[in-house]
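Analysis of the macromolecular model
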Amino acid sequence: MSSGNQANSEANPFRALPSVDEGRRLLDGCLDGLQDVEAGREAGATPDADARLGAIPAAVRTELVQQELDALRRRIAKDHLGAADVEAEVSGGGFQAALLARARVEAGRGVRSAVNATGVVLHTNLGRAPVHPEAAERMRAAAEGYCVLEMDRFSARRNERDARLGVLLSRLTGAEAGIAVNNCAGAAFLMMQTFAGGREAVVSRGELVEIGGSFRVPDVMARAGVRMVEVGTTNRTRAADYERAIGPDTGLLMKVHTSNYRVVGFTEEAEPAELAQLGKEHGVTSGWDLGSGRVEVEGTRSLEEVGDETVVRDAVATGMDVVAFSGDKLLGGPQAGLIVGTRDSIRALRANPIYRALRLDKVALAGLETTLELLLAGRGGEIPSRRLMHRPEAELAESAARIAAAIEALPGFTAEAIPERSQPGSGSAPTVFLPTTAVRVSAEGRSAESLATSLRAGEPPVFVRIHEDAVLLDPRALLPGDEARLLAAFGALV
Ligand SMILES: *Cc1c(COP(=O)(O)O)cnc(C)c1O
């Protein structure tokens, strides 16, 4: 781009840049007048989106102006903008619009409520399991005020913060005792470090998994100070392989659930009961990182949707000394790592000074206790993640039909309900697909990517799947009220 204006083409374009003060005046003008100026376009926005914009502090507004000025300077250098181009940018409103866009990004960042239209119930990037309203209420109360945390209020004696949770875990899983840490990665680390720190852990080559991001079993073992002894092969490992590897320095026989993939075909793995038995014979702890934590309770509909995921109670019944699983995967509670097992093993975990660095806070504990109490009371069916996995196909089809009709009625959009499949998510049951009805949406003159980007940036943020250059909305993981929020987000795009 170059200036068409002869007089200004000679002028220094950097001199044509507005001052920071001028930029601030333009930005303040936008933010203060937003409610009026944008009233028409912002029909679908929640009031607090505007309130957040208005609340951007002065120092941050200045920072945003400086960032935009820097961006303009880079464009001058790179795109050879002339002074007239810069002036046109400012007088034509482009500069002001860019400032407002920066302010929207600033005010829209952070952990905030979103609509999950991906159909993935346990979506790690969207916060995994939504907790039951009663759990959320007790979490709020614990956060807002004082709570009974490390004291038995009936005897006034100090006790462990997860004492109650341990009792609930025993009732739920049949284990002697339980302990809670920040997440299952922390649970696996604590298990390795406690039983095999400075010593050896024996693990199958078929179970050296990467769970996501940087959690890779061999790397975690190394950081826990554990010498890893690999046995067997990728597809076949037998109990005899573990037995041959046991020596004077062996502290742990470890089994890791291959949560996010399956080896199929000519495969064999050691029976957990055999590992547990081997451990007992050789005086070595046996531990199982189960990952997803499928819990079944009599009187509550089974989570048969997730196929071959091991039930925690069954894992405990194999005789393994310790079993670790997540609180926010199939269990349906807040983020946590839970370990159940024999009284002695749990005592050893608790005595490890690292436990202190991994233990749960009062808010998560309050939410977990409530989630476990609901399960034990036969009310597991009310836990949102379980309910979403069990959603009847007819209910999903009706929801999809309503959404499709409402979007089809918007100018520039086409929408149709189509048969699709959802996934449980979070690496649980990777081969399982749950039948659903999704809505395929396309917008005139827009790519699916561009539509998805606008939906993410909107209020509320909406997350979708993209398939064959169309946006797919899967109603499976929509919570009460989300259908209306989703449609408001679409309305705001028109
Ligand atoms: C998910 C998973 C983890 C990590 O759990 P977080 O709760 O996300 O820390 C560890 N091990 C296995 C086998 C898992 O499936």
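Residues numbered from 1 in each chain as written. Predicted model: local features only at pLDDT ≥ 70, side-chain atom pairs only at ≥ 80, totals over all residues. Heavy atoms only, no water.

Attention now goes to the overall build of the protein chain. Scanning the protein chain for helices and strands turns up 20 helices and 17 strands. Taken along its principal axes, the extent of the C-alpha atoms in the protein chain is 90 × 60 × 50 Å. Taken across its 494 residues, the protein chain has 47% of its residues classed as buried. Restricting the contact set of the protein chain to residue pairs at least 6 apart, pairs at least 24 apart contribute 77%. Total accessible area on the protein chain stands at roughly 22,900 Å², and carbon and sulfur atoms take up 51% of it. Side-chain charges in the protein chain split into 56 positive and 68 negative, and the spacing between the mean points of these groups amounts to 4 Å. (Helix = DSSP H or I, 4+ residues; strand = E, 2+ residues; numbered from the N terminus. Buried < 20%, exposed > 50% of the residue type's maximum accessible area, 1.4 Å probe, protein only. Contact = heavy atoms within 4.5 Å. Areas by Shrake-Rupley, 256 points an atom, 1.4 Å probe, with all protein chains shown as cover. Lys, Arg positive; Asp, Glu negative; His and termini not counted. Charge placed at Lys NZ, Arg CZ, Asp CG, Glu CD.)

Attention shifts here to the domain arrangement of the protein chain. Its domain assignment divides the protein chain into domain 1 (3-108), domain 2 (115-127 + 388-493) and domain 3 (133-382). Taking the mean C-alpha position of each, domain 2 and domain 3 sit 33 Å from one another. Taken together, the contacts link twelve residues of domain 2 with 15 residues of domain 3. Counting the surface lost from both domain 2 and domain 3, the interface buries some 1,100 Å², and carbon and sulfur atoms represent 66% of this. When the area that domain 2 buries against domain 3 is broken down by residue, the three leading residues are M389, H390 and P430, summing to 43%. (Domains from an automatic or database assignment. Buried area = accessible area lost by both parts, 1.4 Å probe.)

Around the ligand, the neighbouring residues are R128, N183, C184, A185, I211, H257, S259, D289, G291, S326 and K329. At 2.7 Å, a side-chain N or O of D289 approaches a nitrogen atom of the ligand. A distance of 2.8 Å is found between an oxygen atom of the ligand and a side-chain nitrogen or oxygen belonging to S326. For the ligand, whose accessible area on its own is 390 Å², the fraction buried by protein is 93%. Partitioned by chemical class, the residues of the shell around the ligand number three nonpolar, five polar and three charged. (Near = heavy atom within 4 Å. Polar contact = N/O pair within 3.5 Å; in protein donor to acceptor, adjacent residues only side chain to side chain. Nonpolar A, V, L, I, M, F, W, Y, C, P; charged D, E, K, R; others polar.)

Considering all chains together, one arrives at 44 salt bridges under this definition. R61 is paired through a salt bridge with D28; the nearest N and O atoms lie 2.9 Å apart. Separated by 33 residues along the polypeptide, R61 in helix α4 (residues 58-79) and D28 in helix α2 (residues 20-37) bring together distant segments of the chain. Two residues, E144 and R140, come together in a salt bridge whose shortest N-O distance is 2.5 Å. Here E144 and its partner R140 are both found in helix α7 (residues 133-144), four residues apart, which amounts to about one turn of the helix. A relative accessible area of 62% places E144 in the exposed class. Taking relative accessible area as the criterion, R140 reaches 38% and is therefore assigned partly exposed. (Salt bridge = Lys/Arg side-chain N within 4 Å of Asp/Glu carboxyl O.)

For the rest of this paragraph, the subject is the packing of helix α9 (residues 184-196) against helix α14 (residues 343-351). Axis separation between α9 and α14 bottoms out at 9 Å; the angle between their running directions is 95 degrees. One finds that α9 runs roughly perpendicular with respect to α14. Side by side, α9 and α14 meet where L190, M191, T194 and F195 of the first sit next to S345, A348 and L349 of the second. (Axes fitted to C-alpha atoms, helices over the stretch in contact; angles between N-to-C directions. Parallel < 35°, antiparallel > 145°, perpendicular 65-115°, else oblique.)

Our next topic: the packing of aromatic side chains. The geometry of an aromatic ring pair comes down to the distance between the two centres and the angle between the two planes. Under the definition given, this model contains one aromatic pair. Judged by centre distance (5.6 Å) and plane angle (75 degrees), the ring pair of F413 and F490 falls under edge-to-face. Of this pair, F413 sits in strand β13 (residues 413-422) while F490 is found in helix α20 (residues 482-493), placing the two residues 77 residues apart along the sequence. Exposure class is identical for F413 and F490. Each is buried. Positioned over the ring face of F266 is R236, at 3.8 Å from the centre of the ring. Stacked on the ring of F433, the Lys or Arg R421 has its end atom at 4.1 Å from the ring centre. (Phe/Tyr/Trp six-rings, centres within 6.5 Å; stacked < 30°, edge-to-face > 60°. Lys NZ or Arg CZ within 6 Å of the ring centre and 35° of its normal.)

Where α4 meets helix α6 (residues 94-108), the axes come as close as 10 Å, and the angle between the chain directions of the two elements is 130 degrees. As far as their axial angle goes, α6 and α4 are oblique. The chirality of how α4 crosses α6 is right-handed. Taking contact as the criterion, the partners of V60, L64, V65, Q67, E68, L69, A71 and L72 in α4 are, on α6, F95, A98, L99, R102, A103 and E106. The class makeup of the residues in the contact of α4 with α6 is ten nonpolar, one polar and three charged. (Left-handed = near helix turned anticlockwise from the far one by under 90°.)

A few words on unusual backbone geometry. Here the bond from E459 into P460 is cis, since omega is -10 degrees, no more than 30 degrees from zero. The phi dihedral of E468 is positive, around 50 degrees, even though this residue is not glycine. Of note, E468 is situated in the loop between β16 (465-467) and β17 (470-473). Positive phi is not limited to glycine here, since D469 has a value of about 50 degrees. Within the secondary structure, D469 sits in the loop between β16 and β17.

Time to look at the confidence of the model for the protein chain. Summing up the model confidence of the protein chain, the mean pLDDT is 93 and the portion of residues at 70 or higher is 95%. With pLDDT under 50 throughout, residues 1-9 is counted as low confidence; its partners more than four residues away or in other chains account for 14 contacts. Confidence drops under a pLDDT of 50 for residues 36-45, and excluding neighbours within four residues, the segment shows ten contacts in the predicted structure. (pLDDT = per-residue confidence, 0-100.)

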